[in-house]
Amino acid sequence: MDLGEAYRGKRVLLTGHTGFKGAWLALWLRRLGAEVGAVALPPDTEPNLWSALGLENEVHSEYADIRDSGRLRALVDAFRPEFVFHLAAQALVLPSYEDPVGTFATNLMGTVNLLEACRHQPSIRAMVVVTSDKCYRQPGRHPFREDDPLGGEDPYSASKACAELATAAYRRAWFREGVGLATVRAGNVIGGGDWAAHRLVPDLMRAFQQGRTPGIRRPEARRPWQHVLDPLDGYLRLGAKLAADPGPWSGPWNVGPSPEQAWTVAQVADACCRAWGGTATWILEGAPSGLEAERLELDSSRIRECLGWMPRWTVEAAIERSVRWYRAFADGVPARVLCETDLEARG
């Protein structure tokens, strides 16, 4: 699929561009020649990938809260997008316990606000709503398929299941004719430029750079890890298909690695230690909190068979590439250069 042909010269609205995945997607869309409008809260870490990429003069960026329905509607009406990629979210499990109301307000009602704004905007041809692999009911079958029951044992997961239900309702009620509307459920993403707290690879990189030995609480937890560019490629391919022919492509999609690439936290941490080199290691820290599912795997056969999407890098390769990114950035190589290098390597 020629993504440049699909997005060149098109107006694309991106929410959550100041986050890890959103910043990568903003850069990729600009490389494809899209005119990008973006809505998000200001970056909440320092450093952060959005600021490090220096895209401020290339993207129509607005700092706004998606919980503000009036402001969001005005921004959508002003930009008149043809494509919408919705990534803005409260994206972490542990903070959802600290602020469940804010998590539901952002992940559910923020999504509803965007859907409501978009259903009134005639320019829109395709909309991709990013939820989470954690939206499935636990315990359940493994790996999860798109038609498995939704649920969530924690506020974050439940809020993403609610976003799935709201999107499905809007799709049936208002997005049936002429506009493609899909949700995508990706696994744990890794890659250079993520500095969020409570995420395994960023926590390890911070510790290694500071000469500390990081502690891990749930070494046996199993997740579908993948390099950030792999799910983003799936989102972009799906958006192009939705715009061309909404019927077959609307609905939910898993976007994850094959089941054998679902590694434990310990396996990922060990691979990070090998890639970092030297005396890098980790220790077991305290008892597992029990706040997250022990095992989570995705069945992504549908997007592989229907769309021809495949992860480009194995977990091992993704980890090695991520560690190189952090090392090079710490040595002074600009984030833009490092991200462009990864995009070129992906092809």
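Here's what I pulled together on the structure shown here. The model shown is predicted, which means the values in this text are computed figures rather than measured ones.

Thresholds, definitions, all that
Residues numbered from 1 in each chain as written. Predicted model: local features only at pLDDT ≥ 70, side-chain atom pairs only at ≥ 80, totals over all residues. Heavy atoms only, no water. Pairing = 2+ DSSP bridges. Helix = DSSP H or I, 4+ residues; strand = E, 2+ residues; numbered from the N terminus. Axes fitted to C-alpha atoms, helices over the stretch in contact; angles between N-to-C directions. Contact = heavy atoms within 4.5 Å. Phe/Tyr/Trp six-rings, centres within 6.5 Å; stacked < 30°, edge-to-face > 60°. Buried < 20%, exposed > 50% of the residue type's maximum accessible area, 1.4 Å probe, protein only. Salt bridge = Lys/Arg side-chain N within 4 Å of Asp/Glu carboxyl O.

### A word on the sheet that holds strand β9 (residues 222-227)
Pairing is mixed across the open sheet formed by three strands, whose spatial order is β7-β9-β11. Either end of the sheet is taken by a strand with one partner, and the two such strands are β7 (188-190) and β11 (262-264). When the angles between neighbouring strand axes are averaged without regard to direction, this sheet yields 50°. When β9 meets β11, the two strands line up antiparallel, connected through three bridges. Following the sheet pairing, proline 224 is matched in β11 by alanine 262. Along the sheet face, helix α9 (residues 229-244) touches β7 and β9 and points at about 75° away from the line of β9. Sheet strands touched by helix α13 (residues 315-330): β7, β9 and β11. Its angle to β9, the strand with the most contacts, is close to 60°.

### Side note on the sheet that holds strand β3 (residues 60-63)
With respect to topology, seven strands assemble into an open sheet ordered β3-β2-β1-β4-β5-β6-β10, the strand pairing being parallel. With one partner strand each, in any of the chains shown, β3 and β10 (251-255) form the two edges of the open sheet. Across this sheet, the average inter-strand angle for adjacent strands is 15°, counted without regard to direction. Summarising the sheet, strand β2 (residues 35-40) and β3 pair through four bridges and their orientation is parallel. In the strand pairing of β3, alanine 40 is matched with tyrosine 63. In the packing of helix α2 (residues 20-31) onto the sheet, contacts are made with β1 (11-15), β2, β4 (83-86), β5 (126-130) and β6 (180-186), and the angle to β1 comes to roughly 170°.

### Thoughts on the packing of aromatic side chains
Counted according to the given criterion, the structure contains 11 aromatic pairs. Seen in terms of ring centroids, tyrosine 136 and phenylalanine 144 are 4.8 Å apart; in terms of plane orientation they differ by 5°. Their pairing is stacked. For the pair tyrosine 136 and phenylalanine 144, one class covers both residues: buried. Between tyrosine 170 and tryptophan 174, the ring centres sit 4.8 Å apart and the planes meet at 50°, which makes this aromatic pair tilted. Of the two residues, tyrosine 170 and tryptophan 174 both sit in helix α7 (residues 155-174), four residues apart, roughly one turn of that helix.

### What to know about the pattern of salt bridges
According to the stated counting rule, one finds 22 salt bridges in the structure shown. Across the pair glutamate 116 and arginine 119 runs a salt bridge, and its minimum N-O distance is 2.8 Å. Of this pair, glutamate 116 and arginine 119 both sit in helix α6 (residues 100-119), three residues apart, which is roughly one turn of the helix. By sharing partners, the salt bridges in this structure join Arg30, Arg31, Glu58, Arg336, Glu340 and Glu344 into a single network.

Coordinates in, geometry out; function isn't part of it.
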